[in-house]
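These are the residues of each chain, in order.
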Amino acid sequence: EKGGYAHFTIKEIYEQPKALKDTMTSRIIPGEKIRLDDIHISKDMLTNYSRIYIVACGTAYHAGLIGKVAIENLARIPVEVDVASEFRYRNPIIDHKTLLITISQSGETADTLAVLRESQTKGARVIAITNVVGSSIAREADDVFYTWAGPEIGVASTKAYLTMLVAVYSIALHFAELLGTEETSYLEEIKKEMLTLPEKVAKILKDTTKIEHFADKIHGEKDVFYLGRGLDYQIAVEASLKLKELSYIHSEAYPGGELKHGSIALIEEGISVITSLTQRELFEKMQSNIKEVVSRGAKVMAITYEDNKDVEKYSDEVIYIPNTMDIIAPILAVVPTQLLAYYVSLYKGLDVDKPRNLAKSVTVE
Ligand code: M6R
(Lines give C-alpha, C1' and ligand atoms only; values in the text may rest on other atoms or scores of the structure.)
Protein backbone atom coordinates (compact mmCIF):
# COMPACT_ATOMS: atom_id res chain seq x y z
CA GLU A 1 0.00 0.00 0.00
CA LYS A 2 3.04 2.27 0.28
CA GLY A 3 3.53 1.80 -3.44
CA GLY A 4 7.23 0.98 -3.20
CA TYR A 5 8.03 3.86 -0.85
CA ALA A 6 9.60 3.25 2.57
CA HIS A 7 7.00 5.38 4.38
CA PHE A 8 3.62 6.98 3.80
CA THR A 9 5.12 10.40 4.50
CA ILE A 10 7.57 10.24 1.60
CA LYS A 11 4.95 8.65 -0.63
CA GLU A 12 2.62 11.53 0.13
CA ILE A 13 5.36 14.11 -0.47
CA TYR A 14 5.89 12.53 -3.91
CA GLU A 15 2.17 12.49 -4.58
CA GLN A 16 2.06 16.27 -4.38
CA PRO A 17 2.26 17.02 -8.12
CA LYS A 18 -0.77 14.81 -8.66
CA ALA A 19 -2.60 16.18 -5.63
CA LEU A 20 -2.06 19.75 -6.85
CA LYS A 21 -3.30 18.83 -10.30
CA ASP A 22 -6.42 17.11 -8.94
CA THR A 23 -7.24 20.11 -6.77
CA MET A 24 -6.88 22.59 -9.62
CA THR A 25 -8.43 20.67 -12.52
CA SER A 26 -11.98 21.81 -13.23
CA ARG A 27 -11.54 24.79 -10.91
CA ILE A 28 -8.76 26.77 -12.55
CA ILE A 29 -9.20 27.05 -16.29
CA PRO A 30 -7.28 29.75 -18.18
CA GLY A 31 -9.56 32.33 -19.77
CA GLU A 32 -12.46 31.37 -17.51
CA LYS A 33 -13.58 32.52 -14.07
CA ILE A 34 -12.53 30.31 -11.14
CA ARG A 35 -15.15 27.58 -10.64
CA LEU A 36 -16.00 26.73 -7.06
CA ASP A 37 -19.11 24.62 -7.35
CA ASP A 38 -19.73 24.14 -3.64
CA ILE A 39 -19.26 27.79 -2.67
CA HIS A 40 -22.39 29.86 -3.14
CA ILE A 41 -21.38 33.38 -2.26
CA SER A 42 -22.53 36.18 -4.54
CA LYS A 43 -20.91 39.55 -5.04
CA ASP A 44 -23.64 41.17 -2.90
CA MET A 45 -23.10 38.75 -0.06
CA LEU A 46 -19.35 39.24 -0.19
CA THR A 47 -19.69 43.03 -0.14
CA ASN A 48 -21.82 42.70 2.98
CA TYR A 49 -19.13 40.92 5.02
CA SER A 50 -17.14 43.31 7.14
CA ARG A 51 -14.55 40.76 8.09
CA ILE A 52 -13.23 37.32 7.33
CA TYR A 53 -11.80 35.02 9.98
CA ILE A 54 -9.72 32.02 9.04
CA VAL A 55 -9.64 29.55 11.91
CA ALA A 56 -7.84 26.20 12.10
CA CYS A 57 -5.24 24.19 14.04
CA GLY A 58 -1.63 23.19 13.38
CA THR A 59 -0.60 22.93 9.77
CA ALA A 60 -4.09 23.92 8.59
CA TYR A 61 -3.65 27.15 10.59
CA HIS A 62 -0.39 27.73 8.73
CA ALA A 63 -2.25 27.41 5.43
CA GLY A 64 -4.62 30.03 6.84
CA LEU A 65 -1.74 32.45 7.41
CA ILE A 66 -1.01 32.31 3.70
CA GLY A 67 -4.74 32.58 2.94
CA LYS A 68 -4.83 35.91 4.76
CA VAL A 69 -2.05 37.33 2.60
CA ALA A 70 -3.67 36.01 -0.59
CA ILE A 71 -7.19 37.29 0.21
CA GLU A 72 -6.02 40.66 1.49
CA ASN A 73 -3.72 41.22 -1.47
CA LEU A 74 -6.06 40.08 -4.22
CA ALA A 75 -9.54 40.82 -2.87
CA ARG A 76 -8.72 43.64 -0.41
CA ILE A 77 -10.93 42.26 2.37
CA PRO A 78 -9.49 42.37 5.90
CA VAL A 79 -8.73 38.87 7.23
CA GLU A 80 -7.83 37.71 10.72
CA VAL A 81 -6.30 34.28 11.26
CA ASP A 82 -6.41 32.44 14.56
CA VAL A 83 -5.90 29.01 16.03
CA ALA A 84 -9.26 27.45 16.90
CA SER A 85 -8.47 26.81 20.58
CA GLU A 86 -7.63 30.51 21.08
CA PHE A 87 -10.34 31.99 18.87
CA ARG A 88 -13.10 30.24 20.80
CA TYR A 89 -12.17 31.71 24.12
CA ARG A 90 -11.34 35.28 23.19
CA ASN A 91 -14.91 36.47 22.67
CA PRO A 92 -14.41 37.38 19.01
CA ILE A 93 -16.82 39.72 17.23
CA ILE A 94 -19.09 37.44 15.20
CA ASP A 95 -22.38 38.33 13.51
CA HIS A 96 -24.14 38.04 10.17
CA LYS A 97 -21.48 40.31 8.68
CA THR A 98 -18.84 37.68 9.43
CA LEU A 99 -17.49 35.17 6.97
CA LEU A 100 -15.61 32.32 8.60
CA ILE A 101 -13.25 30.03 6.72
CA THR A 102 -12.30 26.89 8.61
CA ILE A 103 -9.49 24.69 7.34
CA SER A 104 -9.15 21.06 8.41
CA GLN A 105 -7.63 18.09 6.64
CA SER A 106 -9.65 15.56 8.63
CA GLY A 107 -12.75 17.69 9.00
CA GLU A 108 -13.06 16.32 12.54
CA THR A 109 -10.77 18.52 14.65
CA ALA A 110 -12.76 19.25 17.82
CA ASP A 111 -11.81 22.89 18.37
CA THR A 112 -12.27 23.80 14.70
CA LEU A 113 -15.68 22.12 14.63
CA ALA A 114 -16.70 23.96 17.81
CA VAL A 115 -15.70 27.30 16.24
CA LEU A 116 -17.78 26.47 13.18
CA ARG A 117 -20.86 25.68 15.30
CA GLU A 118 -20.52 28.66 17.65
CA SER A 119 -20.00 31.05 14.72
CA GLN A 120 -23.00 29.76 12.82
CA THR A 121 -25.14 30.22 15.92
CA LYS A 122 -24.07 33.87 15.97
CA GLY A 123 -25.05 34.34 12.33
CA ALA A 124 -21.75 33.82 10.48
CA ARG A 125 -21.53 32.02 7.17
CA VAL A 126 -18.93 29.25 7.08
CA ILE A 127 -16.76 27.99 4.26
CA ALA A 128 -14.95 24.75 5.07
CA ILE A 129 -11.73 23.76 3.37
CA THR A 130 -11.29 20.05 4.04
CA ASN A 131 -9.87 16.89 2.57
CA VAL A 132 -12.46 14.44 3.85
CA VAL A 133 -15.74 14.23 2.00
CA GLY A 134 -18.67 13.84 4.38
CA SER A 135 -16.64 14.79 7.47
CA SER A 136 -18.43 16.67 10.27
CA ILE A 137 -16.93 20.01 9.25
CA ALA A 138 -17.83 19.43 5.59
CA ARG A 139 -21.40 18.49 6.49
CA GLU A 140 -22.05 21.39 8.81
CA ALA A 141 -20.47 24.19 6.81
CA ASP A 142 -22.51 26.37 4.45
CA ASP A 143 -19.96 26.11 1.66
CA VAL A 144 -17.18 23.60 1.03
CA PHE A 145 -13.89 23.43 -0.82
CA TYR A 146 -12.70 19.83 -1.00
CA THR A 147 -8.93 19.63 -1.39
CA TRP A 148 -8.96 16.27 -3.20
CA ALA A 149 -5.46 15.42 -1.99
CA GLY A 150 -6.42 11.76 -1.54
CA PRO A 151 -6.10 9.95 1.80
CA GLU A 152 -3.25 11.26 3.96
CA ILE A 153 -1.91 8.58 6.31
CA GLY A 154 1.34 10.17 7.54
CA VAL A 155 0.58 12.01 10.77
CA ALA A 156 2.58 15.01 9.59
CA SER A 157 0.56 16.79 6.96
CA THR A 158 2.29 17.31 3.61
CA LYS A 159 0.13 16.91 0.51
CA ALA A 160 -2.99 18.04 2.35
CA TYR A 161 -1.20 21.26 3.30
CA LEU A 162 -0.13 21.93 -0.28
CA THR A 163 -3.68 21.48 -1.54
CA MET A 164 -4.98 23.73 1.26
CA LEU A 165 -2.77 26.39 -0.25
CA VAL A 166 -4.41 25.83 -3.64
CA ALA A 167 -7.76 26.21 -1.83
CA VAL A 168 -6.93 29.54 -0.22
CA TYR A 169 -5.45 30.93 -3.45
CA SER A 170 -8.51 29.77 -5.41
CA ILE A 171 -10.86 31.44 -2.92
CA ALA A 172 -8.77 34.63 -3.01
CA LEU A 173 -8.87 34.64 -6.82
CA HIS A 174 -12.60 33.93 -6.81
CA PHE A 175 -13.28 36.84 -4.42
CA ALA A 176 -11.06 39.12 -6.49
CA GLU A 177 -13.01 38.17 -9.60
CA LEU A 178 -16.33 38.82 -7.85
CA LEU A 179 -15.26 42.19 -6.52
CA GLY A 180 -13.12 43.29 -9.46
CA THR A 181 -10.30 44.31 -7.14
CA GLU A 182 -7.52 43.30 -9.52
CA GLU A 183 -6.83 43.53 -13.24
CA THR A 184 -8.18 40.45 -15.06
CA SER A 185 -4.82 40.06 -16.81
CA TYR A 186 -3.00 39.79 -13.47
CA LEU A 187 -5.48 37.22 -12.14
CA GLU A 188 -5.13 35.29 -15.41
CA GLU A 189 -1.36 35.34 -15.02
CA ILE A 190 -1.64 33.85 -11.52
CA LYS A 191 -4.02 31.12 -12.72
CA LYS A 192 -1.76 30.15 -15.59
CA GLU A 193 1.25 30.08 -13.31
CA MET A 194 -0.59 27.96 -10.74
CA LEU A 195 -1.21 25.35 -13.40
CA THR A 196 2.55 25.03 -13.95
CA LEU A 197 3.20 24.24 -10.28
CA PRO A 198 2.63 20.45 -10.39
CA GLU A 199 5.48 20.13 -12.86
CA LYS A 200 7.65 22.50 -10.87
CA VAL A 201 7.09 20.51 -7.68
CA ALA A 202 7.99 17.35 -9.61
CA LYS A 203 11.25 19.01 -10.61
CA ILE A 204 12.09 19.79 -6.97
CA LEU A 205 11.42 16.15 -6.06
CA LYS A 206 13.71 14.81 -8.77
CA ASP A 207 16.99 15.44 -7.02
CA THR A 208 17.06 15.54 -3.24
CA THR A 209 20.79 14.92 -2.71
CA LYS A 210 21.59 18.37 -1.37
CA ILE A 211 18.68 18.25 1.05
CA GLU A 212 19.70 14.80 2.28
CA HIS A 213 23.22 16.09 2.76
CA PHE A 214 22.00 19.01 4.88
CA ALA A 215 19.70 16.67 6.84
CA ASP A 216 22.73 14.53 7.68
CA LYS A 217 24.61 17.63 8.81
CA ILE A 218 21.91 18.81 11.23
CA HIS A 219 20.41 15.58 12.50
CA GLY A 220 22.39 15.64 15.73
CA GLU A 221 21.40 19.18 16.66
CA LYS A 222 19.27 20.43 19.52
CA ASP A 223 18.05 23.73 18.11
CA VAL A 224 17.41 24.96 14.60
CA PHE A 225 16.19 28.36 13.45
CA TYR A 226 13.92 29.17 10.55
CA LEU A 227 13.91 32.70 9.20
CA GLY A 228 11.86 34.46 6.55
CA ARG A 229 10.20 37.69 5.54
CA GLY A 230 6.73 38.12 4.06
CA LEU A 231 5.37 34.84 2.72
CA ASP A 232 8.76 33.27 3.47
CA TYR A 233 7.98 33.78 7.15
CA GLN A 234 4.71 31.82 6.81
CA ILE A 235 6.70 29.06 5.12
CA ALA A 236 9.23 29.17 7.98
CA VAL A 237 6.46 28.62 10.53
CA GLU A 238 5.19 25.51 8.74
CA ALA A 239 8.71 24.22 8.03
CA SER A 240 9.59 24.56 11.69
CA LEU A 241 6.53 22.58 12.82
CA LYS A 242 7.33 19.84 10.31
CA LEU A 243 10.87 19.51 11.66
CA LYS A 244 9.64 19.41 15.26
CA GLU A 245 7.04 16.73 14.52
CA LEU A 246 9.23 14.48 12.43
CA SER A 247 12.67 14.89 14.02
CA TYR A 248 11.94 15.98 17.63
CA ILE A 249 14.51 18.75 17.19
CA HIS A 250 13.50 21.99 18.82
CA SER A 251 13.08 24.71 16.25
CA GLU A 252 11.74 28.22 16.05
CA ALA A 253 10.58 30.36 13.20
CA TYR A 254 11.27 34.08 13.24
CA PRO A 255 10.47 36.94 10.90
CA GLY A 256 13.83 38.22 9.60
CA GLY A 257 13.14 41.72 10.87
CA GLU A 258 12.50 40.48 14.41
CA LEU A 259 15.98 39.00 14.80
CA LYS A 260 17.51 42.08 16.29
CA HIS A 261 14.59 42.43 18.68
CA GLY A 262 15.76 39.49 20.71
CA SER A 263 16.36 36.14 19.10
CA ILE A 264 19.74 37.07 17.63
CA ALA A 265 21.03 36.58 21.19
CA LEU A 266 20.68 32.83 20.54
CA ILE A 267 22.75 32.80 17.37
CA GLU A 268 26.19 31.39 18.05
CA GLU A 269 28.96 29.45 16.33
CA GLY A 270 27.64 26.37 14.50
CA ILE A 271 23.89 26.98 14.91
CA SER A 272 21.81 26.01 11.86
CA VAL A 273 19.57 28.54 10.20
CA ILE A 274 17.17 27.58 7.42
CA THR A 275 15.62 30.25 5.28
CA SER A 276 13.80 30.81 2.03
CA LEU A 277 14.00 33.78 -0.33
CA THR A 278 11.07 33.92 -2.71
CA GLN A 279 9.79 37.46 -2.15
CA ARG A 280 11.83 39.53 -4.58
CA GLU A 281 10.98 42.86 -2.90
CA LEU A 282 12.45 41.57 0.32
CA PHE A 283 15.62 39.89 -1.02
CA GLU A 284 17.93 42.67 0.04
CA LYS A 285 16.51 42.93 3.55
CA MET A 286 16.67 39.14 3.95
CA GLN A 287 20.23 39.07 2.66
CA SER A 288 21.33 41.41 5.42
CA ASN A 289 19.59 39.19 7.99
CA ILE A 290 21.44 36.16 6.63
CA LYS A 291 24.73 38.04 6.76
CA GLU A 292 24.01 38.97 10.38
CA VAL A 293 23.64 35.33 11.42
CA VAL A 294 26.56 34.14 9.26
CA SER A 295 28.86 36.69 10.87
CA ARG A 296 27.95 35.11 14.23
CA GLY A 297 28.95 31.67 13.00
CA ALA A 298 25.61 30.22 11.81
CA LYS A 299 25.44 27.57 9.06
CA VAL A 300 22.81 28.59 6.57
CA MET A 301 20.66 26.55 4.22
CA ALA A 302 18.73 28.79 1.85
CA ILE A 303 15.92 27.93 -0.54
CA THR A 304 15.54 30.29 -3.47
CA TYR A 305 14.71 30.67 -7.16
CA GLU A 306 17.12 29.08 -9.61
CA ASP A 307 18.01 32.48 -11.06
CA ASN A 308 18.99 33.94 -7.69
CA LYS A 309 22.54 32.57 -7.64
CA ASP A 310 23.76 35.47 -5.47
CA VAL A 311 22.60 33.60 -2.39
CA GLU A 312 25.51 31.13 -2.80
CA LYS A 313 27.87 33.89 -1.76
CA TYR A 314 26.63 33.90 1.81
CA SER A 315 24.99 30.51 2.41
CA ASP A 316 26.51 27.07 3.02
CA GLU A 317 23.90 25.20 1.04
CA VAL A 318 21.45 26.58 -1.51
CA ILE A 319 18.44 24.58 -2.66
CA TYR A 320 17.03 25.88 -5.92
CA ILE A 321 13.38 25.89 -6.85
CA PRO A 322 11.97 26.83 -10.27
CA ASN A 323 11.12 30.50 -10.76
CA THR A 324 7.51 31.45 -10.19
CA MET A 325 5.33 34.42 -9.15
CA ASP A 326 6.18 35.51 -5.60
CA ILE A 327 2.58 35.41 -4.40
CA ILE A 328 2.23 31.65 -5.02
CA ALA A 329 5.85 30.71 -4.23
CA PRO A 330 4.98 29.02 -0.89
CA ILE A 331 3.57 26.05 -2.86
CA LEU A 332 7.10 25.39 -4.14
CA ALA A 333 9.27 26.66 -1.30
CA VAL A 334 7.72 24.46 1.38
CA VAL A 335 8.57 21.22 -0.47
CA PRO A 336 12.33 21.18 0.31
CA THR A 337 11.49 21.82 3.98
CA GLN A 338 9.19 18.77 4.07
CA LEU A 339 11.96 16.66 2.57
CA LEU A 340 14.46 18.03 5.06
CA ALA A 341 12.23 17.12 8.01
CA TYR A 342 11.68 13.65 6.52
CA TYR A 343 15.37 12.93 6.02
CA VAL A 344 16.38 14.23 9.45
CA SER A 345 13.83 11.83 10.92
CA LEU A 346 15.32 8.98 8.87
CA TYR A 347 18.86 9.79 9.98
CA LYS A 348 17.65 9.71 13.58
CA GLY A 349 15.90 6.39 13.03
CA LEU A 350 12.52 7.71 14.20
CA ASP A 351 9.00 6.59 13.39
CA VAL A 352 8.40 9.02 10.50
CA ASP A 353 4.80 8.11 9.79
CA LYS A 354 3.71 8.08 13.43
CA PRO A 355 5.75 10.52 15.50
CA ARG A 356 5.50 10.04 19.25
CA ASN A 357 2.57 11.59 21.13
CA LEU A 358 0.74 12.70 17.98
CA ALA A 359 -2.56 11.61 16.47
CA LYS A 360 -3.69 12.13 12.89
CA SER A 361 -6.99 13.55 13.95
CA VAL A 362 -7.39 15.50 17.20
CA THR A 363 -11.01 14.93 18.20
CA VAL A 364 -10.62 16.00 21.83
CA GLU A 365 -10.33 19.61 22.95
O1 M6R B 1 -7.24 17.57 10.43
P2 M6R B 1 -6.80 18.95 10.70
O3 M6R B 1 -6.27 19.65 9.49
O4 M6R B 1 -7.89 19.79 11.35
O5 M6R B 1 -5.64 18.85 11.76
C6 M6R B 1 -5.07 19.98 12.33
C7 M6R B 1 -3.77 19.64 13.02
O8 M6R B 1 -3.98 18.72 14.04
C9 M6R B 1 -2.73 19.09 12.05
O10 M6R B 1 -2.48 19.97 10.99
C11 M6R B 1 -1.41 18.80 12.77
O12 M6R B 1 -0.79 20.00 13.15
C13 M6R B 1 -0.50 17.96 11.87
N14 M6R B 1 0.13 16.93 12.64
C15 M6R B 1 0.54 18.78 11.17
O16 M6R B 1 1.46 18.07 10.47
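Residues numbered from 1 in each chain as written. Predicted model: local features only at pLDDT ≥ 70, side-chain atom pairs only at ≥ 80, totals over all residues. Heavy atoms only, no water.

## Considering the site of the ligand
At step 1: Residues in close proximity to the ligand total 13 residues, the closest being Ser104, Gln105, Ser106, Thr109 and Glu245.
At step 2: Thr59 has a polar backbone atom sitting 3.1 Å from an oxygen atom of the ligand.
At step 3: The side chain of Lys242 places a nitrogen or oxygen atom 2.9 Å from an oxygen atom of the ligand.
At step 4: Look at the ligand: alone it shows 410 Å² of surface, and the protein chains cover 90% of it.
At step 5: Only helix 4 (58-75) and helix 11 (231-247) provide two or more residues apiece to the shell around the ligand.
At step 6: With three residues, the top contributor of residues to the shell around the ligand is helix 4. (Near = heavy atom within 4 Å. Polar contact = N/O pair within 3.5 Å; in protein donor to acceptor, adjacent residues only side chain to side chain. Areas by Shrake-Rupley, 256 points an atom, 1.4 Å probe, with all protein chains shown as cover. Helix = DSSP H or I, 4+ residues; strand = E, 2+ residues; numbered from the N terminus.)

## Some points on the pattern of salt bridges
At step 1: According to the stated counting rule, one finds 23 salt bridges in the structure shown.
At step 2: Between Glu15 and Lys11 there is a salt bridge, and its shortest N-O distance comes to 3.0 Å.
At step 3: You can call Glu15 partly exposed: its relative accessible area is 23%.
At step 4: With a relative accessible area of 17%, Lys11 lands in the buried category.
At step 5: Here the salt bridges do not stand alone but share partners, grouping Arg88, Asp111, Glu118 and Glu365 into one network. (Salt bridge = Lys/Arg side-chain N within 4 Å of Asp/Glu carboxyl O. Buried < 20%, exposed > 50% of the residue type's maximum accessible area, 1.4 Å probe, protein only.)

## A closer look at helix 10 (residues 209-218)
At step 1: Buried within helix 10 we find Ile211, Phe214, Ala215 and Ile218. Buried residues along helix 10 cover an arc of 105 degrees about the axis, so they all sit on one side.
At step 2: Tucked into the core, helix 10 has its buried residues touching strand 6 (223-228), strand 8 (272-277), strand 9 (299-305), strand 10 (317-321) and helix 13 (330-347). (Arc of directions from axis to C-beta. Contact = heavy atoms within 4.5 Å.)

## Quick look at the side chain of Thr109
At step 1: Relative to the helices and strands, Thr109 resides in the loop between strand 3 (98-104) and helix 6 (110-121).
At step 2: Under the relative-accessibility criterion, Thr109 is labelled buried at 14%.
At step 3: Residue contacts for Thr109: discarding those within four places in its chain leaves Cys57, Ser104, Ile137 and Val362.

## Considering the nonpolar core
Buried together is how nonpolar side chains tend to be arranged in soluble globular proteins.
At step 1: Of all hydrophobic cores here, the largest spans 108 residues; its most connected members are Ile71, Ile103, Tyr169, Phe175, Met194 and Leu340.
At step 2: With 14 residues, helix 8 (residues 159-179) is the largest single contributor of residues to this core.
At step 3: Each residue touching Phe175, except ones within four places of it in the same chain, is listed here: Leu46, Ile52, Ile71, Ala75, Ile77, Leu99 and Ile127.
At step 4: Formed by 14 residues, the second largest nonpolar core is a distinct cluster that contains Tyr53, Leu100, Val115 and Ile137. (Core = buried A, V, L, I, M, F, W, Y, C linked by side-chain atoms within 4.5 Å.)

## A short note on the sheet that holds strand 7 (residues 250-255)
At step 1: Read across the open sheet, the five strands follow the order 7-6-8-9-10; overall the sheet is parallel. In this open sheet, the two strands that pair with only one neighbour each are strand 7 and strand 10. Averaged over all pairs of adjacent strands, the angle between their axes in this sheet comes to 20 degrees, without regard to strand direction.
At step 2: Where strand 8 meets strand 9, six bridges bridge the pair, whose relative direction is parallel. Opposite Thr275, over in strand 9, you have Ala302 as the bridge partner. (Pairing = 2+ DSSP bridges. Axes fitted to C-alpha atoms, helices over the stretch in contact; angles between N-to-C directions.)

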